[in-house]
Amino acid sequence: MTLKKIYNLLLLVFLFLLPWQTRVFWHYGELNNGYWEYGTFSIYATEILLWIILILFFVQRLANKEKKSGISLLLTLFLLALALAAALSQNFWVSYNYVFHILEGAALMTVLFWENEKIKYQMALWAGGILQGALAIWQFLTQQILASKWLGMAGQEAGNLGPSVIEFADQRWLRAYGSFGSPNSLGIYLAVLFVLGLVLYLKAESWRNKIIISSGQLVILSGLLVSFSRGAWLATTVGATFLFAVIFYKKKTVLYFFAKQISFSLVVVIFWLAIFYPVFTARFDLNNRLEVKSISERKWQYAEALSFIKSNPILGIGPGAYTYALYKKYPTLPAWQYQPIHNIYLLALVEIGFAGVIFLFFLFKRLFWLMVKNNLIYLPVAVSLLTAGLFDHWLWSMYGGILLWWVVWGLSYQNP
């Protein structure tokens, strides 16, 4: 097997395994005698695989001077602003660890830019969602999440305090986590992949492939539903709506095939609603105890974020250092209460300030317009990702979310 084939195979495997959280800890973070995830340092199994891929990539491309996207200057400026913010951070080592993951994501995006046949990498990423969807269905139906250090999964039970659950009457229903640390992370991941699956279905040339994709989509959508992530549901709806608009604008003749996929999806939604109607309605009951608590916490997070922005507007409080800044401001809270704001755009503004966000904006504005110009059909995937960022911090705060963010943009670039 040639070096190129080994590299391609490893990249496919990495994209498929992206959601799995298996890792080796070398420093446990702690605040007020409680576990602090954002101050914990570890090495993920997929991270080791990623660095093998990066090494192989640069070995192959060392002598190649071809320019791919015209974004290298913007990316460099953003990374320099990130490095400056880390140097002045309220907690340098937390920021250093965080920036390292950003560098990994940016490097992975660069790798994917070079690949011309992106469909196989999109398929590998999407296929990973089928496994997560199946796992989520099993977790919800059995109402248990088994602990496994080898799979990077923490055990969860609905009867315990801490796990994400839905309450109605005298019952507590455990939301599906997949292999992630929270149901919202699972929901965002599956939302993006479901919209990607719609795009892949439209690109498929044979009925065999269309049937395979349709079957996988039903599993992914079911897993998305039992995550009970409302932000992810909305991101899926927005992405699918954008795809409809793109198809109507560019290829009116494929509207029939798109309508079939949406019809199948609606059948799945109705199926789950019919069986678990009380659980779903409780998720939208704003008078529910847990929903009232959630809304109150979100309001508090927004107020705190705005106060940090006012006091550190230019360079921010430091990349990845939001929870540490909360600890410094409120030093007596339980560790689990130190959580990032559930909005990646405000979180980025708090942590890296206007200086970093300006470069970040122009970088992704450039990527966005390259997509519109050369790969419009992929636009809804990015839109679903951008929408999901309004409702959770995972895409900015955690290793898996950071990599998914950069992977989606890396797969968006298409040679004109």
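Residues numbered from 1 in each chain as written. Predicted model: local features only at pLDDT ≥ 70, side-chain atom pairs only at ≥ 80, totals over all residues. Heavy atoms only, no water.

Visitor: Quick question: what am I supposed to make of the overall build of the chain here?
Guide: Assigned secondary structure in the chain consists of 16 helices and 6 strands. The C-alpha radius of gyration of the chain comes to 21 Å, within 12% of the 22 Å expected for a compact globule of 416 residues. Seen through its principal axes, the chain has C-alpha atoms that stretch 60 × 55 × 40 Å. Considering only residue pairs separated by 6 or more positions, the chain has 75% of its internal contacts joining residues 24 or more positions apart. As displayed, the chain offers around 18,900 Å² of accessible surface, 68% of which is attributable to carbon and sulfur atoms. (Helix = DSSP H or I, 4+ residues; strand = E, 2+ residues; numbered from the N terminus. Rg over C-alpha atoms; globule rule 2.2 N^0.38 Å. Contact = heavy atoms within 4.5 Å. Areas by Shrake-Rupley, 256 points an atom, 1.4 Å probe, with all protein chains shown as cover.)

Visitor: I would appreciate a short explanation of the packing of helix 6 (residues 183–203) against helix 14 (residues 379–388) in the present structure.
Guide: For any two helices packed against each other, the geometry comes down to the angle between their axes and how far apart the axes lie. In the contact formed by helix 6 and helix 14, the axes pass within 9 Å of each other and the chain directions differ by 165°. With respect to each other, helix 6 and helix 14 are oriented roughly antiparallel. Of the two elements, helix 6 crosses helix 14, and the hand of that crossing is right-handed. Residues Ile 188, Val 192, Val 195, Leu 196 and Val 199 of helix 6 lie in contact with helix 14, whose contacting residues are Pro 380, Val 381, Ser 384, Leu 385 and Ala 388. Of the residues in the contact of helix 6 with helix 14, the class split is 9 nonpolar, 1 polar and no charged. (Axes fitted to C-alpha atoms, helices over the stretch in contact; angles between N-to-C directions. Parallel < 35°, antiparallel > 145°, perpendicular 65-115°, else oblique. Left-handed = near helix turned anticlockwise from the far one by under 90°. Nonpolar A, V, L, I, M, F, W, Y, C, P; charged D, E, K, R; others polar.)

Visitor: It is not clear to me how the nonpolar core should be interpreted in this structure. Could you clarify?
Guide: Nonpolar side chains in soluble globular proteins tend to end up buried together. Formed by 129 residues in total, the largest nonpolar core has its most connected members in Phe 14, Leu 125, Trp 272, Tyr 322, Leu 395, Trp 406 and Trp 409. The dominant element in this core, judged by the number of residues it contributes, is helix 6, at 15 residues. Counting residues in hydrophobic clusters, the runner-up holds 9 residues, among them Trp 20, Leu 135, Met 153 and Leu 174. (Core = buried A, V, L, I, M, F, W, Y, C linked by side-chain atoms within 4.5 Å. Buried < 20%, exposed > 50% of the residue type's maximum accessible area, 1.4 Å probe, protein only.)

Visitor: Would you mind showing me how to read the pattern of salt bridges here?
Guide: When the charged atoms of two side chains lie near each other, side chains of opposite charge can form a pair. In this structure the tally under the stated criterion is 4 salt bridges. Between Glu 115 and Lys 4 there is a salt bridge, and its shortest N-O distance comes to 3.9 Å. In this pair, Glu 115 sits in the loop between helix 4 (92–114) and helix 5 (119–142) while Lys 4 sits in helix 1 (residues 3–17), placing the two residues 111 residues apart along the sequence. Arg 23 is the salt-bridge partner of Glu 37, the closest N and O atoms lying 3.0 Å from each other. Within this pair, whereas Glu 37 is found in the loop between strand 3 (34–35) and strand 4 (41–44), its partner Arg 23 is found in strand 1 (residues 23–27), the two being separated by 14 residues in sequence. Note on accessibility: Glu 37 and Arg 23 belong to one class, buried. (Salt bridge = Lys/Arg side-chain N within 4 Å of Asp/Glu carboxyl O.)

Visitor: Looking at this structure, how should I read the packing of helix 1 against helix 4?
Guide: It is the contact of helix 1 with helix 4, at a shortest axis distance of 13 Å, that shows an interaxial angle of 125°. Put simply, helix 1 runs oblique to helix 4. With respect to the hand of their crossing, helix 1 and helix 4 are arranged in left-handed fashion. Residue-level contacts link Tyr 7, Leu 11 and Phe 14 of helix 1 to Leu 108, Val 111 and Leu 112 of helix 4.

Visitor: What is the right way to read the pairing of strand 5 (residues 165–168) from this model?
Guide: One face of the sheet, then the other: side chains in a regular strand alternate in exactly this way. Side-chain alternation along strand 5 places Val 165 and Glu 167 on one buried face and Ile 166 and Phe 168 on a second face that is also buried. In this structure, strand 5 lies alongside strand 6 (residues 171–174), joined through 4 bridges in antiparallel fashion. Bridged to Val 165 within strand 6 is Leu 174. Two successive antiparallel strands, strand 5 and strand 6, enclose a turn made up of 2 residues, where Ala 169 displays a positive phi of approximately 55°. (Pairing = 2+ DSSP bridges.)

Visitor: Explain the packing of aromatic side chains to me, please; I cannot follow it from the model alone.
Guide: Aromatic ring pairs are defined here through the distance separating the ring centres and the angle between the ring planes. Counted under the stated rule, the structure contains 37 aromatic pairs. Ring centres 5.1 Å apart and planes at 75° place the aromatic pair Phe 92 and Trp 93 in the edge-to-face group. An aromatic cluster of at least three residues, connected via ring pairs, comprises Phe 140, Trp 173, Phe 228, Trp 233, Phe 271, Trp 272, Phe 276, Phe 280 and Phe 284. It is Lys 210 that lies over the ring of Tyr 201; its NZ or CZ is 4.5 Å from the centre. Over the ring of Phe 308 we find Lys 329; its NZ or CZ atom is 5.4 Å from the centre of that ring. (Phe/Tyr/Trp six-rings, centres within 6.5 Å; stacked < 30°, edge-to-face > 60°. Lys NZ or Arg CZ within 6 Å of the ring centre and 35° of its normal.)

Visitor: Mind showing me how you'd approach helix 6 here?
Guide: Since the α-helix packs 3.6 residues into each turn, any two residues three or four apart lie on the same face. Look at helix 6: 30 Å from first C-alpha to last across 21 residues, which is about the 30 Å you get at 1.5 Å a residue. Buried residues dominate helix 6, accounting for 20 of its 21 residues. (Expected span 1.5 Å × (residues − 1).)

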